[in-house]
Amino acid sequence: ITGSTEGSMYTQSRAGSITLSVGPGDGGNGGDIALNAGDTSATHASGGKVMLVAGDGHSTDSFNGGVGGDIQLTAGKSFGRSEKNSDGGHVAINGGEAFFGVGGKVSLQSGVGKQTSSGMLELSTADAGYQGETGDALFSTGKSVEGDAGSVKISGGGSLHGSGGDIELLAGEGSAGHGGRLTLHSATSLPSRFSNSKTVTDSGHVSLHAGSSDGDFVDGGSIWIESGSGGRRASGGSIHLKANVNKDVIGEYRREANQEIALGLDEGSDGNGNTYAFRLKATSSGQTVISSVPVQVTTVQYSSDKRIKKDIRNVDTDDILQRLQRIQFAEYGYSDAWRRVRGIPDHRVRGVIAQQLYEVFPEHTKTFKNYELEDKN
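One numbering rule holds for all chains: residues counted from 1, following each sequence as written. Where totals are concerned, whole chains, interfaces and linings use all residues; where local detail is concerned, this predicted model gives features only for residues with pLDDT of at least 70, and gives and counts side-chain atom pairs only at 80 or more. Here the side-chain values reflect all heavy atoms present in the structure, with hydrogen atoms and water set aside.

Another point: the overall build of the protein. Here a strand is any run of E in DSSP of at least two residues, a helix any run of H or I of at least four, and the numbering for each starts at the N terminus. Each helix and strand counted, the protein has three helices and five strands in total. The secondary structure elements of the protein, listed N-terminal to C-terminal, are β-β-β-α-β-α-β-α. For the protein, the residues scored as buried account for 6% of the 377 residues in total. Any two residues having at least one pair of non-hydrogen atoms within 4.5 Å are treated as being in contact. Put simply, 18% of the contacts in the protein that link residues at least 6 apart link residues at least 24 apart. Surface accessibility of the protein: about 36,700 Å² in total, with carbon and sulfur atoms responsible for 48%. Note on classification: 1.4 Å probe, protein chains only; a residue is buried when its accessible area is under 20% of the maximum for its type, exposed when over 50%, partly exposed between these limits. Where accessible areas are quoted, they stem from the Shrake-Rupley method and a 1.4 Å probe; at the residue level, only the protein chains shown are allowed to cover.

Structural data, given as structure tokens:
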């Protein structure tokens, strides 16, 4: 314990310091310093605490007031010349183990600013040397045997009268190489090694959700996906959307392919109208584009070049014209179920009946045993 001091109105004095150090050595590892709190065997009691508290700055001067003391934990330097065996010392902060309860928590929290802003929490690796690389920053939860593994959650703070905090994920710039990549990957689901079940759940999903609004005149958040612009003599980046289709599903697991890339507008008043109007869908017979709403386009183009065709034969145009005359046009309305799928009012239209068209042009009519859109029930 060091003594305290009190300065007069003309002088200022500093309180004494405490230094705990182990002398240097040249015959092995340096000596350790251990601070251990006491154990206890009493019921409903905790082991002793180890507290490191920096000093307060009590001066209330408006221009040059007191500043709270720092706590600095620094591992030892390494002066070795080996890149593999001369690392600097590590800093490890571990919560306590529990034999039957939950392991101890590790909390890092910045200081409270009672009348201004709270302190910043900064976690970063140091800059690299001239020929080295900067260290990685890794955030992960532990593995689990039978229970669910823990989640990693990053959330911006809420505000009562201001804006909510942002979350920015920024990859690093590259002056000689390419810029850093930003990758979001969900995990693969594997069969359990601890059971004989053949059931495999879906792999992890990746979801992007903008914020909803509870205000009557406040818009919901938007999601922007935009590729980067190119230089004066380079192209801008592309945007690729791809759903993987497994064509080799065999045996007892065979089922109708249902992968799709779907677009839609949610018109449900409760926010649960999860329906899609336009989709690129994989089926057992191939890929097809399905739209349940009117499509307005300025140009429709399709390939008809002679070089992409083979076994070209002339057709009997008289037979085609006679078969066209057999097509019956009808006037009709749509069922309630189909109007819900398309989102259209109850009105009458004119067109053809697919079953009748199949009788005239079976080679140009495709039939489906079942036509299902799961999001539309």
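There's more to say after this.
Position of Arg339 relative to the elements: it lies in helix α2 (residues 336-342). The buried category is assigned to Arg339, whose relative accessible area is 18%. Discounting residues that sit within four places of it in the chain, Arg339 has contacts with Tyr334, Ile344, Pro345 and Asp346.

Now for the pattern of salt bridges. What counts as a salt bridge is simple: a side-chain nitrogen of Lys or Arg found within 4 Å of a carboxyl oxygen of Asp or Glu. Within this structure, the stated rule accounts for nine salt bridges. Glu260 is the salt-bridge partner of Lys281, the closest N and O atoms lying 3.5 Å from each other. One end of the pair, Lys281, is in strand β2 (residues 278-283); the other, Glu260, is in strand β1 (residues 260-263), and 21 residues separate them in sequence. Residue Lys281 is classed as buried on the basis of its relative accessible area, which comes to 13%. Across the salt bridge formed by Arg348 and Glu331, the nearest N and O atoms sit 3.1 Å from each other. Placement of Arg348 in the loop between α2 and β5 (349-352) and of Glu331 in strand β4 (residues 329-332) is noted, with a sequence separation of 17 residues between them. Assessed through its relative accessible area of 46%, Glu331 is described here as partly exposed. Taken together, the shared-partner salt bridges in this structure form one network comprising Glu260, Arg279 and Lys281.

On to the sheet that holds strand β3 (residues 286-291). What makes two strands pair is DSSP finding at least two bridges between them. With antiparallel pairing, three strands are arranged side by side in an open sheet as β1-β2-β3. The two strands at the open ends of the sheet, each matched to only one other strand, are β1 and β3. Looking at each pair of strands side by side, their axes are set apart by 20 degrees on average, direction ignored. As paired strands, β2 and β3 are joined by six bridges and run antiparallel to one another. Among the inter-strand pairings, Lys281 is bridged to a residue of β3, identified as Thr288. Inter-axis angles, ranging from 0 to 180 degrees, are taken between N-to-C directions of lines fitted to C-alpha atoms, where helices are fitted over the stretch in contact.

Our focus in this paragraph is unusual backbone geometry. Even without glycine at this site, His44 takes up a positive phi of about 55 degrees. Turning to its location among the elements, His44 is positioned in the segment before β1. With relative accessibility at 88%, the residue His44 sits in the exposed group. Positive phi is not limited to glycine here, since Asp311 has a value of about 55 degrees. Counting through the fold element by element, Asp311 comes out in the loop between β3 and α1 (317-325).

Turning next to the environment of Asp56. For Asp56, the location among the structural elements is in the segment before β1. Residue class for Asp56 comes out exposed when judged on its relative accessible area of 61%. Residues Asp56 and Asp70, spaced 14 residues apart in sequence, show a C-alpha to C-alpha distance of 9.7 Å.

With respect to the helices and strands, Arg323 occurs in helix α1. By relative accessible area, which is 14% here, Arg323 ends up buried. Polar contacts, as counted here, are pairs of nitrogen or oxygen atoms within 3.5 Å of one another; within protein the pair requires one atom able to donate a hydrogen and one able to accept it, and residues that are adjacent in sequence qualify only if both atoms are side-chain atoms. Among the polar contacts made by the side chain of Arg323, one reaches the main-chain carbonyl oxygen of Val360 at a distance of 2.8 Å. Not counting the four nearest positions on each side in its chain, Arg323 is found in contact with Val360, Phe361, Pro362 and Glu363.

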